[in-house]
Amino acid sequence: MASKKSDIDGDDTLFGSLDKATVVQEARAFNESPINPKKCRLILTKIVYLLHQGQTYQTQEATDTFFSISKLFQNSDVSLRQMVYLAIKELSGSAESVFFLTASLTKDMNSRSDLIYRPNAIRALCKITDASTMQSNERFIKQSIVDKKPDVSSAAIISAIHLSSLNREVVKRWANEAQEAINSKGVITQYHALGLLYLMRQHDRMAVIKMVQNYARGSLRSPHAIVMLIRYTWKIIEEDDSGSSRQLFEYLENWLRHKSDMVVYEAARAICSLKDVTPKELFPAVSALQLMIVSHKPTLRFAAIRTLNKLAMTHPNAVFPCNLDMENLITDSNRSIATFAITTLLKTGNEASVDRLMKQISSFMSEISDEFKIIVVDAVRALCLKFPSKQTLMLNFLSGALRDDGGYQFKSAIVEAIFDIIHSIPESKEFALSHLCEFIEDCEFPKLAVRILHVLGAEGPHASSPTKYIRFIYNRVILETSIVRAAAVSALAQFAVYLVDARERIKVLLDRCTDDSDDEVRDRAAMYLRILNEQDLATKYIADDSTFALAALENNLDHYLKTPASFSRPFDIKNVPVVSKEQEQADRQRAQAAARDRAATGQAAPAASAAAAAVPASVSEAAAAAASPFDAQSIYAKAMERVPQIAALGPLYKSSSPVELTDPVTEYIVTCIKHVFPQHFVFQFECKNTLNDSLLENVTVVMKMQPSDDPDAAGLKPEFVVRAEKLAFDIPASVYVVYRRLGGVTPTAEFTNTLQFIVKDCDPNTGEPDEEGFEEDYLVEDVEIVVGDYIQPTYVPDFERAWAELGDTHQVVETYALTAVTSIRSAVSTVMDLLGMQALDNSSAVKENATTHQLHLAGTYVGGIPVAVRARMAFNPSTGVAMEMAVRSRHPVVSQRVANAIQ
Amino acid sequence: MMRGMWSSLLAALGLLRRRANLLCVGLDNSGKSTAHEEVVPTVGFSVEMFERGKVSFTIFDMSGQGKYRDLWRHYFSEADGIIFVIDSADRDRIVVAREELALMLENKVLAKRPIPVLFLANKMDLENGLSPVECSEALGLDRIRDRAWNISACNALTGEGLEAGLEWIIDMLRQAPPQ
Ligand SMILES: Nc1nc2c(ncn2[C@@H]2O[C@H](COP(=O)(O)OP(=O)(O)OP(=O)(O)O)[C@@H](O)[C@H]2O)c(=O)[nH]1
Ligand SMILES: [Mg+2]
């Protein structure tokens, strides 16, 4: 018996040698009469099996199979029918005319209530429903949602959740049914029904709050449903900055006393990951977790310790009381639990306990998976930054780990950690570099070797005995693959620039590299040899700490490659903003830290977040989350690429930051973003309709230019408008108003703006819009074009030099009395807002109460014209700020414009 | 194979319960589904089963809406007989019915299978309806030479006339056992 069973389980005995052609042949049995249910069931199983193995059916094949299967409806064998449904679900994606089964399915859905395959029928119906048949199937699904049998009801609710991506409005009408289903006696049905109800309301904060309040009072019996409710509650509290939803916190606290472990854990986890949770609020949650880590159930211990581990990153003191219990977990036979325990202790423990803990970790590093090793590495990195005096111990541990077996992710985490330590603890540098040198001697990951060589090149020349690194680097040139050799050549060049004594020797090494078999290596060597002979070139290309804003560079290159018409001219690098390497790195680090934070607190319910992802987010929101203004701009640029008329305007030069043109609580929210293109000025009005009972169609914005004393303003000619076809509730859409800048003028101007649209009322129950709508105007606030809209901030490594190079031929000096500003600090921020330029020499930082200040700014005017500004300011409490602003560029008009920017 | 022949022999002698697949077609709203208490237009098809005498019938009730008519042909190969329902009161669309019938009879699969066709001139209760003879003229039934056919008037709401039609089919099947 036992051996027979294993035969069936084994793939290669029963189904292993299946091939599609044979199965298609066998499927002819479906057309036989009478039908042999057992035989057909087996064939269906084979079909499903093949599909699951990744076999694909061509549309015709799938459709033919589909029709043969439909004939099986004449047999009422229950298990055959269930298998028929499974097969239909699988084939529904590739076959045509699948809707053809609708009548048969709905018939089964309505059949005798004790039939086991009713849920199967519902799930299959959901699969074959498309937008056009959704309305006609609505009745069947609604009716099944409130079916007395929990499995039927659950199947219908799940189907509704799937269907909502097809038509949210139709599904929203099933709220009453969903509410009724929550009272189902089926525990899982309750859970599903709550999920559906949330899906309908998730964009309406007040409705979600009401839902939480309604169900938090104990009417839910299903712990799964309560877990979902906790996640919704968490999300509301988390996303509310006003603090008004804090009252919901009480519910979370009450759930900590629930009788189900699942609920208690989820509540504790929710509290621990609230963003501004207080120690007092944390206390009961941590106590609950503390009880769990001494539980006899490994899953509970694991869950609890993992949450404490996360919490310890942000609130080590709150976790401190658990230290004693966590110590006991170090010897837990489950190594994952032990890892979390130790790494948590590393965060909460004091300096004295570190040595002992590190020893304990080392003892079982080899027993845990890479994933957990990375957790350990991250903990060690954090610890080292916290207790810099322990860096030797930590670096020894990390380099030991480098020598151990492990995959790329793990090794990369270690290298990353060492880089971080080098960056934050300068004293550690030499020791860390020597470990890295040792590692690249025997490193199986070229990618890591390249990164390490880069760091060696950047840091090595400034170490106390730099020459010792040269040997390690040159060894790479001899032994490695071409990308590593190329990186080694670049690193050598760094040493040659900074170490005058060693330069000639290094040149000899580089000279040998010009015989390399790889052309990249040869090219680099040749280039560096040439550069090294000229001090000026060397400073410009090697000792330069500026770099291009990478997102903008990528975008411009992408645009260039997509417009073959532009190939006759070389790519214009002048339009790419320049930043300091430090700034670029800081931006990346900020983005990475934010990503880590999100991962640490990321707790959005799976269903909720999946559904939320389906709703298009607004572009400006996405851009706001970007790492730097340049990343934000590339997000706008990508959105505009999709509008053909705008994509034709050429590469985007500059996007301003978004300006709100309405109150955040009005019926329509409008945000304006200004974009400068080579010959055009584009206003993007991002609009959002906050009324769930109306639909706006044919949305446009009428802009009127105000009379201006800027003569160039006449050169702004309205060219075209890209309307938003419709503005449904809560789904943002953009209107673009495009002006041509005749002759490339760059005027300042002011506009009044009116939103125009056709508004249609929507039936509050069905969401269906009325046939007839009426036109409406909606006045929003004015927009202004300022000089800064035309200027990209640019980093220059040496302001004085750039200033001198521009010379005073076209210098314009203006003096201003800024009577309205009350401090130097606000004067600086006003000027920077208006000019949109890069502050240099740290001159944007102003001491509190400073009375004099000098501000250095650099930028690139549209068309690639470098501009520099030197502003001297003096503050007098009675007269405000007096400012003398000198502007230099190679263009008199540009200098004048920038100098006049302040009004 | 042997077994199959054996059972059909027995069946021919009327000793064994027989089964028969009928395919029920016709324009939408002609009344195909009414006979078994369906009230909404059929989307696709639905399968009905019942017994009459010693025969257990499986009826594939097809949808008659324009976009689905193309799908009837998938069921020709297993049918032992076809029921073609006509709304006798729908004078405007009798030509459409004629076209669909012609298309169906031209089908390669069906052309090779001389299975009987029963025409039901439904809704005979309605005043301005066509008589079976008028129907048969309008559809050009006299040109069907390759198979047995018959037409009878009926009222699907009451079941009147259906019995006679079925009797005819059973008779036909007895003469030519299902293939
Ligand atoms: N007066 C009358 N009405 C009938 C008769 N038979 C059917 N009807 C009506 O005709 C309408 C259509 O009937 P169905 O059976 O749904 O038609 P169908 O041929 O199945 O239509 P599809 O499924 O769309 O192809 C219904 O409103 C029936 O009540 C009849 O004999 N007399
Ligand atoms: Mg019907």
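Owing to the predicted nature of the structure, the values given are computational and were not obtained by experimental measurement.

**Q** Any chance you could break down the overall build of chain B for me, citing the residues and the numbers?
**A** A count of helical and extended segments in chain B gives six helices and six strands. The secondary structure elements of chain B, listed N-terminal to C-terminal, are α-β-β-β-α-β-α-α-β-α-β-α. Within chain B, buried positions represent 49% of all 179 residues. For chain B, the share of sequence-separated contacts (at least 6 apart) that also reach a separation of at least 24 residues comes to 77%.

**Q** Summarise a negative patch on the surface; cite the residues concerned and give the values.
**A** Together, A:Asp693, A:Asp761, A:Asp763, A:Asp770, A:Glu771 and A:Glu772 make up a region of like negative charge exposed at the surface. Looking at A:Asp693, the relative accessible area reads 38%, which means it is partly exposed.

**Q** Break down the site of ligand 1 for me, with residues and values.
**A** Residues and elements named next belong to chain B. Not every one of the 20 residues close to ligand 1 is listed here, only the nearest: Lys-32, Ser-33, Thr-34, Thr-42 and Gly-64. Gly-31 is positioned such that a nitrogen or oxygen atom in its backbone is 3.1 Å from an oxygen atom of ligand 1. In this structure, Ala-156 approaches ligand 1 through a main-chain N or O atom, which is 3.0 Å from an oxygen atom. In isolation ligand 1 has 660 Å² of accessible area, and contact with the protein removes 83% of it. Here the shell around ligand 1 is composed, by residue class, of five nonpolar, eleven polar and four charged.

**Q** Report on the coordination of the magnesium ion (ligand 2), specifying residues and quantitative values.
**A** Here the magnesium ion (ligand 2) is held by B:Ser33 (OG) and B:Thr42 (OG1), and the distances to it run 1.9 Å. No difference in accessibility class separates B:Ser33 from B:Thr42, as the two residues are buried.

**Q** Describe in detail the confidence of the model for chain B, supporting the description with residues and values.
**A** Residue and element names in this part refer to chain B. In the predicted model, chain B carries a mean pLDDT of 83, and 86% of its residues have values of at least 70. Note that residues 1-10 has pLDDT below 50 and, in this model, three contacts with residues that lie over four places away or in other chains. Overall fold confidence for the complex sits at a pTM of 0.62, while the interface term, ipTM, reaches 0.81.

**Q** Explain the pairing of strand S1 (residues 18-26) of chain B to me, and be specific about the residues and the numbers.
**A** Residue and element names in this part refer to chain B. Most of S1 is tucked away, with eight of its nine residues classed as buried. One ladder, built from seven bridges, connects S1 with strand S3 (residues 55-62); its direction is parallel. Bridge pairing in S3 places Leu-23 opposite Phe-60. Pairing analysis gives five bridges linking S1 to strand S4 (residues 81-87), with the strands arranged parallel. The residue of S4 that forms the bridge with Gly-26 is Val-85.

**Q** Can you explain the interface of chain B and chain A? Please cite residues and give values.
**A** Taken together, the contacts link 21 residues of chain B with 17 residues of chain A. For the pair chain B and chain A, the summed buried area comes to about 1,700 Å², and 64% of that belongs to carbon and sulfur atoms. Here chain B and chain A share two salt bridges between them. Between A:Lys71 and B:Glu78 there is a salt bridge; the shortest N-O distance is 3.1 Å. Looking at the side of chain B that touches chain A, the element that brings in the most residues is strand S2 (residues 45-52) of chain B, giving five residues. Per-class residue counts for the side of chain B that touches chain A are ten nonpolar, seven polar and four charged.

**Q** Can you tell me about the packing of helix H29 (residues 467-479) of chain A against helix H30 (residues 482-498) of chain A, naming the residues and giving the values?
**A** Residue and element names in this part refer to chain A. Between H29 and H30, the shortest axis-to-axis distance is 8 Å and the interhelical angle comes to 150 degrees. The angle between H29 and H30 places the two elements in the roughly antiparallel class. As H29 runs across H30, the sense of the crossing is left-handed. The residues of H30 that touch H29, namely those facing Tyr-469, Ile-470, Ile-473, Tyr-474, Arg-476 and Val-477, are Val-484, Arg-485, Ala-488, Ala-491, Leu-492 and Phe-495. Here the residues of the contact of H29 with H30 are counted per class, giving ten nonpolar, no polar and two charged.

**Q** Outline the pattern of salt bridges, listing residues and values.
**A** Once their charged atoms are close, side chains differing in charge can pair, the charge on each being opposite to the other. Residues and elements named next belong to chain B. Tallying each qualifying case throughout the model produces 44 salt bridges over all chains. A salt bridge links Asp-28 to Arg-93; the shortest N-O distance between them is 3.1 Å. Separated by 65 residues along the polypeptide, Asp-28 in the loop between S1 and S2 and Arg-93 in the loop between S4 and helix H3 (94-106) bring together distant segments of the chain. One salt bridge in this structure joins Asp-70 and Arg-73, with 3.4 Å as the shortest N-O distance. Note on Arg-73: relative accessible area 40%, which makes it partly exposed. One salt-bridge network, held together by shared partners, links Asp-28, Arg-69, Asp-90, Arg-93 and Glu-100.

**Q** I'd like a rundown of the packing of helix H8 (residues 118-128) of chain A against helix H10 (residues 150-163) of chain A, residues and numbers included.
**A** When two helices pack together, their arrangement is captured by the angle between the axes and the distance separating the axes. Residues and elements named next belong to chain A. It is the contact of H8 with H10, at a shortest axis distance of 8 Å, that shows an interaxial angle of 10 degrees. Judged by the angle between their axes, H8 and H10 are roughly parallel. Side by side, H8 and H10 meet where Arg-118, Pro-119, Ile-122, Arg-123 and Cys-126 of the first sit next to Asp-151, Val-152, Ala-155, Ala-156, Ser-159, His-162 and Leu-163 of the second. Looking at the contact of H8 with H10 residue by residue, the class counts come to seven nonpolar, two polar and three charged.

**Q** Lay out the packing of aromatic side chains with the relevant residues and their values.
**A** Under the defined criterion, the tally for this structure stands at 31 aromatic pairs over all chains. Geometrically, the ring pair formed by A:Phe99 and B:Tyr68 is tilted, given 5.5 Å between the ring centres and 45 degrees between the ring planes. With A:Phe99 in the loop between helix H6 (78-91) and helix H7 (102-109) and B:Tyr68 in helix H2 (residues 66-69), this pair bridges two chains. By relative accessible area, A:Phe99 is classed as partly exposed at 23%. On the basis of an interplanar angle of 40 degrees and a centroid distance of 6.2 Å, the ring pair of A:Tyr251 and A:Trp255 is categorised as tilted. One end of the pair, A:Tyr251, and the other, A:Trp255, are both in helix H16 (residues 249-255), four residues apart, so they sit about a helical turn from each other. For A:Lys373, the ring lying beneath its charged end belongs to A:Phe410, and the centroid distance is 5.2 Å. Just above the ring of A:Phe472 sits the side chain of A:Arg471; from NZ or CZ to the centre is 4.6 Å.

**Q** Give me the environment of A:Ile342: which residues, what numbers.
**A** All names here are of chain A. Mapped onto the secondary structure, Ile-342 falls in helix H22 (residues 335-348). Ile-342 gets classed as buried once you look at its relative accessible area, which sits at 0%. Put simply, Ile-342 and Leu-357 are 15 residues apart on the chain and 6.8 Å apart in space, counted from C-alpha to C-alpha. Every residue in contact with Ile-342, bar those within four places of it in the chain, is listed here: Ile-330, Leu-357, Gln-360, Ile-361 and Phe-364.

**Q** I'd love a proper account of the environment of A:Ser490, names of residues and values included.
**A** All names here are of chain A. Within the fold, Ser-490 resides in helix H30. Taking relative accessible area as the criterion, Ser-490 reaches 15% and is therefore assigned buried. Considering only alpha carbons, one finds Ser-490 and Met-527, 37 residues apart in sequence, at a separation of 9.9 Å. In contact with Ser-490, other than residues within four places in its own chain, are Arg-524 and Tyr-528.

**Q** Outline the sheet that holds strand S5 (residues 117-122) of chain B, supporting the account with residue identities and numerical values.
**A** Residue and element names in this part refer to chain B. Taken in spatial order, the six strands line up as S2-S3-S1-S4-S5-S6 in an open sheet, and their pairing is mixed. The sheet terminates laterally at S2 and strand S6 (149-153), the two strands that pair on one side only. Along the sheet, successive strands turn relative to each other by an average axial angle of 25 degrees, direction set aside. Judged from the five bridges that link them, S5 and S6 form a sheet pairing that is parallel. Following the sheet pairing, Leu-120 is matched in S6 by Ser-152. Most of the contacts of helix H6 (residues 162-175) go to S5, to which it runs at about 175 degrees, and overall it touches S1, S2, S3, S4, S5 and S6.

**Q** So what's going on with the pairing of strand S17 (residues 865-876) of chain A? Which residues, and what values?
**A** Residues and elements named next belong to chain A. Relative to S17, strand S16 (residues 852-861) is paired through ten bridges, and the arrangement is antiparallel. Across the sheet, residue His-856 finds its bridge partner in S17, namely Arg-870. The hairpin formed by S16 and S17 contains three residues between the paired strands, and Gly-863 there has a positive phi angle of roughly 100 degrees. In this structure, S17 lies alongside strand S18 (residues 880-889), joined through ten bridges in antiparallel fashion. Within S18, the position partnered with Ala-868 by the bridge is Arg-888. Between the antiparallel neighbours S17 and S18 lie three residues.

Reading the values: the criteria
- Residues numbered from 1 in each chain as written.
- Chains lettered and ligands numbered in written order.
- Predicted model: local features only at pLDDT ≥ 70, side-chain atom pairs only at ≥ 80, totals over all residues.
- Heavy atoms only, no water.
- Helix = DSSP H or I, 4+ residues; strand = E, 2+ residues; numbered from the N terminus.
- Buried < 20%, exposed > 50% of the residue type's maximum accessible area, 1.4 Å probe, protein only.
- Contact = heavy atoms within 4.5 Å.
- Patch = residues over 30% accessible without salt bridge, like charges linked within 9 Å, V, L, I, M, F, W, Y side chains within 5 Å.
- Areas by Shrake-Rupley, 256 points an atom, 1.4 Å probe, with all protein chains shown as cover.
- Salt bridge = Lys/Arg side-chain N within 4 Å of Asp/Glu carboxyl O.
- Lys, Arg positive; Asp, Glu negative; His and termini not counted.
- Charge placed at Lys NZ, Arg CZ, Asp CG, Glu CD.
- Near = heavy atom within 4 Å.
- Polar contact = N/O pair within 3.5 Å; in protein donor to acceptor, adjacent residues only side chain to side chain.
- Nonpolar A, V, L, I, M, F, W, Y, C, P; charged D, E, K, R; others polar.
- Donors = N, O, S within 2.8 Å, 3.2 Å for Na, K, Ca; no water.
- pLDDT = per-residue confidence, 0-100.
- Pairing = 2+ DSSP bridges.
- Buried area = accessible area lost by both parts, 1.4 Å probe.
- Axes fitted to C-alpha atoms, helices over the stretch in contact; angles between N-to-C directions.
- Parallel < 35°, antiparallel > 145°, perpendicular 65-115°, else oblique.
- Left-handed = near helix turned anticlockwise from the far one by under 90°.
- Phe/Tyr/Trp six-rings, centres within 6.5 Å; stacked < 30°, edge-to-face > 60°.
- Lys NZ or Arg CZ within 6 Å of the ring centre and 35° of its normal.

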